[in-house]
Amino acid sequence: EPEVTQTPSHQVTQMGQEVILRCVPISNHLYFYWYRQILGQKVEFLVSFYNNEISEKSEIFDDQFSVERPDGSNFTLKIRSTKLEDSAMYFCAGRQGTSYEQYFGPGTRLTVT
Amino acid sequence: QQQVKQSPQSLIVQKGGISIINCAYENTAFDYFPWYQQFPGKGPALLIAIRPDVSEKKEGRFTISFNKSAKQFSLHIMDSQPGDSATYFCAARQGGSEKLVFGKGTKLTVNP
């Protein structure tokens, strides 16, 4: 069964540094998402991406964040200048065009020191 | 309005028992209600989902009950097993929106 994959599984970075989190969605998915989960808390929506553009974003997704699908297979989340409060699990998700079902990847744990 | 309130925060059930987790919402524009199961260090895995035109949906040992008038929905896990021990999240999607709004989660422990 196809799965969403994410790399790296754990990223440690210093405050102010740029990070890029990578995802390979399921091949027949058309809609892509990033969510984050601060340790012990609920999953929060960051952004949705469809047809090579952002379709919706939350108030968390400010100018420090950007997303890209550079080559038709990878889907990336960039944080330009990381803050301590960006430390969280970041999940990529996707869905087909015919269903609301969103399938999540295993996540990248981002630790900002 | 955009919140989904989930209870209980934690639940301990004996093997073979029924686990029941409840969620409530205010936004009547929500039109899709999934449940996710999450094991420590893993991503949320879609378990079962329901649309508001159906009052109940069953898949194996997992059942969603949906009460549109009360704006509540619940997950029932029949014959709970130790392998079901995980955190369960309810979520909701508003028509026309892409985002899922998640509840705060319920940590289920099934004792052998």
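Our subject is the structure that appears above.
Only a predicted model underlies this, so the values are computations on that prediction, with no experimental measurement involved.

Undergrad: Please provide a residue-by-residue account of the state of the cysteines, values included.
TA: Residues and elements named next belong to chain A. Here the structure, examined in full by the defined rule, presents two disulfides over all chains. Covalent S-S linkage joins Cys23 and Cys92, the inter-sulfur distance amounting to 2.0 Å. Sign of the S-S torsion, about -60 degrees for the bond between Cys23 and Cys92, identifies this disulfide as left-handed. Of this pair, Cys23 sits in strand β3 (residues 19-24) while Cys92 sits in strand β9 (residues 88-95), placing them 69 residues apart in sequence.

Undergrad: Describe the sheet that holds strand β1 (residues 5-7) of chain A, and please don't skip the residues or the numbers.
TA: Residue and element names in this part refer to chain A. Spatially, β1-β3-β8-β7 is the arrangement adopted by the four strands of the open sheet, whose pairing is antiparallel. What marks the edges here is a single partner per strand, and that holds for β1 and β7 (65-68). On average, each strand axis in the sheet is tilted by 20 degrees relative to the strand beside it, whichever way the strands run. In this sheet, strand β8 (residues 75-79) lies alongside β7 in antiparallel orientation, the contact comprising four bridges.

Undergrad: Can you explain the nonpolar core? Please cite residues and give values.
TA: Grouped together as the largest cluster of nonpolar side chains are 25 residues, with contacts concentrated most on B:Val4, B:Phe33, B:Trp35, B:Phe73, B:Leu75 and B:Tyr88. For this core, the secondary-structure elements that each account for two or more residues are β2 (10-14), β3 (19-25), β4 (30-38), β5 (45-50), β7 (62-67), β8 (72-77), β9 (86-94) and β11 (106-111) of chain B. No other element matches β9(B), which puts four residues into this core. In terms of nonpolar packing, the next biggest core, distinct from the first, is built from 22 residues, A:Ile60, A:Leu77, A:Ile79 and A:Ala88 among them.

Undergrad: Before we move on, could you go through the pairing of β3(A) and cite the residues and values that matter?
TA: All names here are of chain A. Alternating positions in β3 separate cleanly, Val19, Leu21 and Cys23 being buried on one face and Ile20, Arg22 and Val24 remaining unburied on the opposite face. Strand direction decides the pairing type here: β1 and β3, joined by three bridges, are antiparallel. What sits directly across from Gln6, in β3, is Cys23. Where β3 meets β8, five bridges bridge the pair, whose relative direction is antiparallel. Bridge pairing links Val19 to Ile79 in β8.

Undergrad: Outline the interface of chain B and chain A, supporting the account with residue identities and numerical values.
TA: A common measure of how large an interface is: the accessible area buried when the components associate. On the side of chain A, 21 residues touch chain B, which itself brings 19 residues to the contact. Of the roughly 1,700 Å² buried between chain B and chain A on both sides combined, carbon and sulfur atoms contribute 57%. Among the residues chain B hides against chain A, the three largest losses belong to B:Pro44, B:Glu98 and B:Phe102. Together they make up 34% of the total. Taken together, chain B and chain A are joined by eight residue pairs in polar contact (both at pLDDT 80 or more). Mapped by element, the contributors of at least two residues to the side of chain B that touches chain A are β4, β9 and β10 (100-102) of chain B. Counted by class, the side of chain B that touches chain A contains seven nonpolar, five polar and seven charged residues.

About the criteria used
- Residues numbered from 1 in each chain as written.
- Chains lettered and ligands numbered in written order.
- Predicted model: local features only at pLDDT ≥ 70, side-chain atom pairs only at ≥ 80, totals over all residues.
- Heavy atoms only, no water.
- Disulfide = S-S within 2.5 Å.
- Helix = DSSP H or I, 4+ residues; strand = E, 2+ residues; numbered from the N terminus.
- Pairing = 2+ DSSP bridges.
- Axes fitted to C-alpha atoms, helices over the stretch in contact; angles between N-to-C directions.
- Core = buried A, V, L, I, M, F, W, Y, C linked by side-chain atoms within 4.5 Å.
- Buried < 20%, exposed > 50% of the residue type's maximum accessible area, 1.4 Å probe, protein only.
- Contact = heavy atoms within 4.5 Å.
- Buried area = accessible area lost by both parts, 1.4 Å probe.
- Polar contact = N/O pair within 3.5 Å; in protein donor to acceptor, adjacent residues only side chain to side chain.
- Nonpolar A, V, L, I, M, F, W, Y, C, P; charged D, E, K, R; others polar.

Function cannot be inferred from these measures alone, as they are strictly geometric.
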